[in-house]
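Per-entry structural report
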Amino acid sequence: MDFVVIVNYTFMRFEVSVFEKRWGVMWEFMQRMKISVLLTGCSSHLQANAASGMAVHDDCKLRFLDLKAKRTFRFIVFKIEEKQKQVIVEKLGEPADSYEDFTASLPADECRYAVYDFDYVTEDNCQKSRIVFVAWSPDTARVRSKMIYASSKDRFKRELDGIQIELQATDPTEMGLDVIRSRSN
């Protein structure tokens, strides 16, 4: 059963909200099993990922909205800061940047998340655009890094509302323009 527990606190008052289709059943289950929530700290601009402990910085969401709505960026590369336990923006691509600039911004031996604003022309000669999410996990990356990125991916993707294509890539051929074009139709 998928559920999200959101814990808000103000001074000494604690509220627990469980969002699920059958939240009442889940709440009863938590009470029967004597599941308690332990708060160790909070930051107003972060929300932790229950699966991996990674949070998503607000700047990630704001920059993605700029890419989606205003088209101020061609791509965004995101990085997990393991010490801070959060996803942050690592690089922003200018609107004039090419796909080669995008692929060059992904490190050869480290995992990253990225979004790319892909423009193309259909067979009917219509100009279209798709937002592509890339989970970059090269074979040469550390195993721990691959596990952290894999366990945080779904939660992070949910924060970026408007992704139309998702790619999981371990080498550049798995995220080539031909792959994106075939997934765009």
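Residues numbered from 1 in each chain as written. Predicted model: local features only at pLDDT ≥ 70, side-chain atom pairs only at ≥ 80, totals over all residues. Heavy atoms only, no water.

Let's talk about the sheet that holds strand β5 (residues 86-93)
- Ordered by their spatial adjacency, six strands build an open sheet running β3-β5-β4-β6-β7-β8, and the pairing between neighbours is mixed. Every other strand in the sheet has two partners, leaving β3 (55-56) and β8 (165-169) as the edge strands with one partner each.
- Summarising the sheet, strand β6 (residues 112-121) and strand β7 (residues 127-136) pair through 10 bridges and their orientation is antiparallel. Bridged to Y120 within β7 is K128.
- On the sheet, helix α5 (residues 177-184) packs against β6, β7 and β8 and is oriented at approximately 145 degrees with respect to β8. (Pairing = 2+ DSSP bridges. Helix = DSSP H or I, 4+ residues; strand = E, 2+ residues; numbered from the N terminus. Contact = heavy atoms within 4.5 Å. Axes fitted to C-alpha atoms, helices over the stretch in contact; angles between N-to-C directions.)

A word on helix α2 (residues 58-70)
- Compared with an ideal rise of 1.5 Å per residue, which puts 13 residues at 18 Å, α2 spans 17 Å between its outermost C-alpha atoms and is within 8% of the ideal.
- Of all the residues in α2, the buried ones are C60, F64, D66 and L67. Each buried residue of α2 lies within a common arc of 150 degrees when the element is viewed along its axis, so the set occupies one face. The exposed set on the far side of α2, more than 90 degrees from its buried face, consists of A69 and K70.
- With its phi angle positive at about 55 degrees, R71 sits one or two positions after the end of α2. (Expected span 1.5 Å × (residues − 1). Buried < 20%, exposed > 50% of the residue type's maximum accessible area, 1.4 Å probe, protein only. Arc of directions from axis to C-beta.)

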